[in-house]
Amino acid sequence: MFSINKKELTWGGVPLSFETGRIARQADGSVLAFLGESCVLATVVADTEPKLDIDFVPLSVNYMEKGYAAGRIPGGFFKREGRPSERETLISRLIDRPIRPLFPSHYRYETQVICTVMSFDQKHDTDVLSINAASCALTLAGLLAKERIVAASKVGYIDKKFVLNPSLEHMENSSLELVVAGTKDGVLMVESEASQLSEQLMLDAVMFGHEQMIPVIDMISTMAASSGAPQCEAVPPTPEMEALRLEIESYETAMLAQAYQTKDKQERRDSVAAYRQSVITMLQEKHPDMASETRWLSSVKSLLKEKERHVVREQILKKGERIDGRQRNDVRPIVCETGIFPRTHGSSLFTRGETQAIAVTTLGSGTDEQIIDGMTGGTRESFMMHYNFPPYSVGETGRVGFTGRREVGHGKLAWRALHPVMPSKEDFPYTLRIVSEITESNGSSSMATVCASSLSLMDAGVPLAHPVAGIAMGLIKEGDDFVVLSDILGDEDHLGDMDFKVAGTEQGITSLQMDIKVTSIHRDIMQQALAQAREGRLHILTIMNDVLSHARKELSVHAPQIQTMQIATDKIRDVIGSGGKVIREICQVSEAKVDINDEGVITIAAVGADSMRKAKDMIESIVADPEVGRIYRGKVVKCLDFGAFVNFMTGRDGLVHISELVPRRVEKVTDIVREGDEVNVKVLEIDNRGKIRLTMKDIQQ
């Protein structure tokens, strides 16, 4: 019934296997991939009819985690997986990024890749496994040529040695987490977080990861050959398309070249749009029978983009002329400002050319931590980084209130850049949220976010180990000739071959991300890009340091003050109270936030000294033991025939017997006290069961 083809190898000391022919046989390509006992099912389906009215590669990638993979039932009311989590979104992007450049630019068959985590062993992560499984499924479907098979690996740096695909436990001791993907010829994508490592070490890590992925590429190639997978064949353009290309190429080019020398983004956009319209009008007049066809117009626009790409690249590569007139390693003018909003805890404005980011930092307590429900169970995150890209930032209208994959990815990149320099929870017991609002964009808003966020954190008084800055590098490559560009514009990103983002401190790199649009790049290009990026990063840090080089000594008066207290673990129950009654009362009365952990560490977050004092006094009165002979102020909480109960410490009641109310005979307790009265009492006795006897005799009331 099944025609199973299975290949396996030992990879980094762990068994890796790919299997096809047993599951999801109606998909164009399907692979069940195992790394240890972690398993991913990757499927690929491509439509048989092309979409000729679009001008982009219609590829979608979805990575999905299932609770059953780790033997867990999802949290929440519905008890089933909901919308994609941040991790699922990020890994979907991670799979997409090295695959997309390998499709021909004119590919128009809608293609969907789905990677589903079927088993998770709590040791071997499924991100790299999913990239390799997707690549294998695409190859089996005949969508990737043999020379374009892609693979990925993860690199750690533990005890000054590179480690291939370290386990989740080993990653806790690693100063590097780097995912690299590529073909046999070179690297396609890099994603990393590092503990201020040098450029040379990061380059060596990338090359190590690339070397280690070659056996996986060979296994995919062998598996495709033995499965009889269809060969991926290049589809030549139609004669009509080729004729249209020649017409567009022969049309006046000087106007387009001049448009791309306009420094202002909006003016440049208008000039380029005018050129496009002039070409379209000319072609519509020459071909009136085709003018109304959507497919024809889409082809014209696609070919115009190719011409624009050629013109800009030729100006940079052969003439050394960038769009805005800068040299290849020049950084645009920068202005930094901090403390721009009076009521926020920390804020900054970072402007670099026509790219601008506002970053706002908010300090919170433990109750503000983000609770994440995933395959590894529930975790808590005390550092959050959120990135917003409203349409007005590029002078457009559009949908707002929607967080897309781009926003999630850019926010996580900035998070990785800052995370290595953040203080520990013990040194700075705050929950931190940064929001980056991109108010202008013309290239590398994610790196502007890194710079603005670093300033905003220091403005809020967060003691960063070192300030962090980021810069985006570009590449123009034709054959063996190439030019690396510093601080790229949006058009240079769009029309170039590489988006290479490097963030770090003066000491080293904290995050590196690379995506390329050609089939691969070699070591020399990466080495030059890293060297140029360091030069630019240090330049940006110098400007930032002139404004704010370290954390402010005092927190904002509007930020919560946090203090911790240690109590005995047997007192935790007393502070919490039945059903949380006592701790809720403390929060309500003091207007402070109070958290307590299993070790008896209490964290109090309060705005204002009075609120902090009230909370501390109430807690101390609970955990303190009453002393025999000491006088306390209390409130009568209940009157009975035989006496009155008085609450004289938070959570502590004692009995004043009717004979101890006053130094004379009393007929009724309510003749002396009533519920709600405040009285002074003295502790007479505490028995071995903890019951407390009080007296009001001879006590000044």
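A brief report on the enclosed structure follows. (Residues numbered from 1 in each chain as written. Predicted model: local features only at pLDDT ≥ 70, side-chain atom pairs only at ≥ 80, totals over all residues. Heavy atoms only, no water.)

### Structural notes on the nonpolar core
Alright, step 1. Grouped together as the largest cluster of nonpolar side chains are 162 residues, with contacts concentrated most on Phe18 and Phe500.
Alright, step 2. The biggest single contributor to this core is helix H4 (residues 199-227), with 14 residues. (Core = buried A, V, L, I, M, F, W, Y, C linked by side-chain atoms within 4.5 Å. Buried < 20%, exposed > 50% of the residue type's maximum accessible area, 1.4 Å probe, protein only. Helix = DSSP H or I, 4+ residues; strand = E, 2+ residues; numbered from the N terminus.)

### What about the sheet that holds strand E21 (residues 509-516)?
Alright, step 1. The sheet built from 8 strands is open, its strands ordered E8-E7-E9-E10-E21-E20-E18-E19 with antiparallel pairing. The sheet terminates laterally at strand E8 (161-164) and strand E19 (481-486), the two strands that pair on one side only. The average angle at which neighbouring strand axes cross in this sheet is 20°, direction not considered.
Alright, step 2. Of the pairings in the sheet, the one linking strand E9 (residues 176-182) to strand E10 (residues 187-197) comprises 7 bridges and is antiparallel in character. Across the sheet, the residue bridging to valine 179 is glutamate 191, located in E10.
Alright, step 3. Set on the sheet, helix H10 (residues 445-459) makes contact with strand E18 (469-478) and strand E20 (498-504); between it and E18 the angle comes to about 160°. (Pairing = 2+ DSSP bridges. Axes fitted to C-alpha atoms, helices over the stretch in contact; angles between N-to-C directions. Contact = heavy atoms within 4.5 Å.)

### What to know about empty space enclosed by the protein
Alright, step 1. Applying the stated criterion across every chain yields a total of 1 cavity of 30 Å³ or more.
Alright, step 2. Of the voids in this model, the largest cavity is the one considered here, and its volume is about 90 Å³.
Alright, step 3. Along its surface, the largest cavity is lined by Leu35, Lys123, His124, Asp125, Asp127, Val128, Leu129, Lys154, Asn165, Pro166, Leu168 and Met171.
Alright, step 4. Secondary-structure elements contributing two or more residues to the lining of the largest cavity are helix H2 (127-140) and helix H3 (168-171). (1 Å grid on protein atoms, 1.4 Å probe; cavity = no way out; pocket = protein on both sides within 12 Å on 5 of 7 lines; lining within 4 Å. Points joined across faces, edges and corners; volume = space filled by probe spheres on them.)

### Notes on the packing of aromatic side chains
Alright, step 1. Evaluation of the coordinates by the stated rule reveals 9 aromatic pairs.
Alright, step 2. Ring plane angle 55° and centroid distance 5.2 Å describe the contact between tyrosine 632 and phenylalanine 648, whose orientation is recorded as tilted. With a gap of 16 residues between them, tyrosine 632 in strand E25 (residues 631-640) and phenylalanine 648 in strand E26 (residues 643-649) connect regions that are remote in the sequence.
Alright, step 3. Residue tyrosine 632 is classed as buried on the basis of its relative accessible area of 10%.
Alright, step 4. Judged by its relative accessible area of 6%, phenylalanine 648 is buried.
Alright, step 5. The ring centre of phenylalanine 389 lies 4.2 Å from the NZ or CZ of arginine 406, which sits over that ring.
Alright, step 6. The ring of tryptophan 415 has lysine 412 lying over it, and the distance from NZ or CZ to the ring centre is 3.7 Å. (Phe/Tyr/Trp six-rings, centres within 6.5 Å; stacked < 30°, edge-to-face > 60°. Lys NZ or Arg CZ within 6 Å of the ring centre and 35° of its normal.)

### Topic: the environment of glycine 676
Alright, step 1. With respect to the secondary-structure elements, glycine 676 resides in the loop between strand E27 (652-657) and strand E28 (678-686).
Alright, step 2. Measuring from C-alpha to C-alpha, the distance between glycine 676 and valine 637 comes to 6.2 Å, with 39 residues separating the pair along the chain.
Alright, step 3. With residues near it in sequence (within four places) discarded, glycine 676 still touches Lys635 and Val636.

### Some points on the packing of helix H5 (residues 239-250) against helix H7 (residues 265-286)
Alright, step 1. Interaxial distance between H5 and H7 falls to 11 Å at its minimum, and their mutual angle equals 130°. Here H7 runs oblique to H5, going by the angle between their axes. Handedness of the H5/H7 crossing: right-handed. Here H5 contributes Leu244, Glu247 and Ile248 to the contact with H7, which in turn contributes Val279, Leu283 and Lys286.
Alright, step 2. Tallied by class, residues from the contact of H5 with H7 come to 4 nonpolar, no polar and 2 charged. (Parallel < 35°, antiparallel > 145°, perpendicular 65-115°, else oblique. Left-handed = near helix turned anticlockwise from the far one by under 90°. Nonpolar A, V, L, I, M, F, W, Y, C, P; charged D, E, K, R; others polar.)

### Some remarks on the state of the cysteines
Throughout this description, disulfide means a covalent bond between two cysteine sulfur atoms.
Alright, step 1. Summed over all chains, the structure comprises 0 disulfides.
Alright, step 2. With no disulfide of its own, cysteine 115 has cysteine 39 as its nearest cysteine by sulfur position, at a separation of 11 Å. (Disulfide = S-S within 2.5 Å.)

### A short note on unusual backbone geometry
Alright, step 1. Located in the positive-phi region is aspartate 159, a residue other than glycine, with phi close to 55°.
Alright, step 2. Inspection of the secondary structure puts aspartate 159 in the loop between strand E7 (151-158) and E8.

### Topic: the pattern of salt bridges
Between side chains of opposite charge, a pair can form when the charged atoms approach closely.
Alright, step 1. Tallying each qualifying case throughout the model produces 41 salt bridges.
Alright, step 2. Here aspartate 96 and arginine 100 are joined by a salt bridge, their closest N and O atoms 2.8 Å apart.
Alright, step 3. In this structure aspartate 96 comes out as buried when scored by relative accessible area, which is 11%.
Alright, step 4. For arginine 100, a relative accessible area of 29% puts it in the partly exposed group. (Salt bridge = Lys/Arg side-chain N within 4 Å of Asp/Glu carboxyl O.)

### Some details on the sheet that holds strand E16 (residues 383-388)
Alright, step 1. Taken in spatial order, the 5 strands of this open sheet run E11-E12-E13-E17-E16, and their pairing is mixed. Sheet topology places strand E11 (334-338) and E16 at the edges, where each strand pairs with a single neighbour. Strand-to-strand twist in this sheet, taken as the mean axis angle between neighbours without regard to direction, amounts to 15°.
Alright, step 2. Note that E11 and strand E12 (residues 346-352) share 5 bridges and pair antiparallel. By the bridge assignment, glutamate 337 is partnered in E12 with leucine 349.

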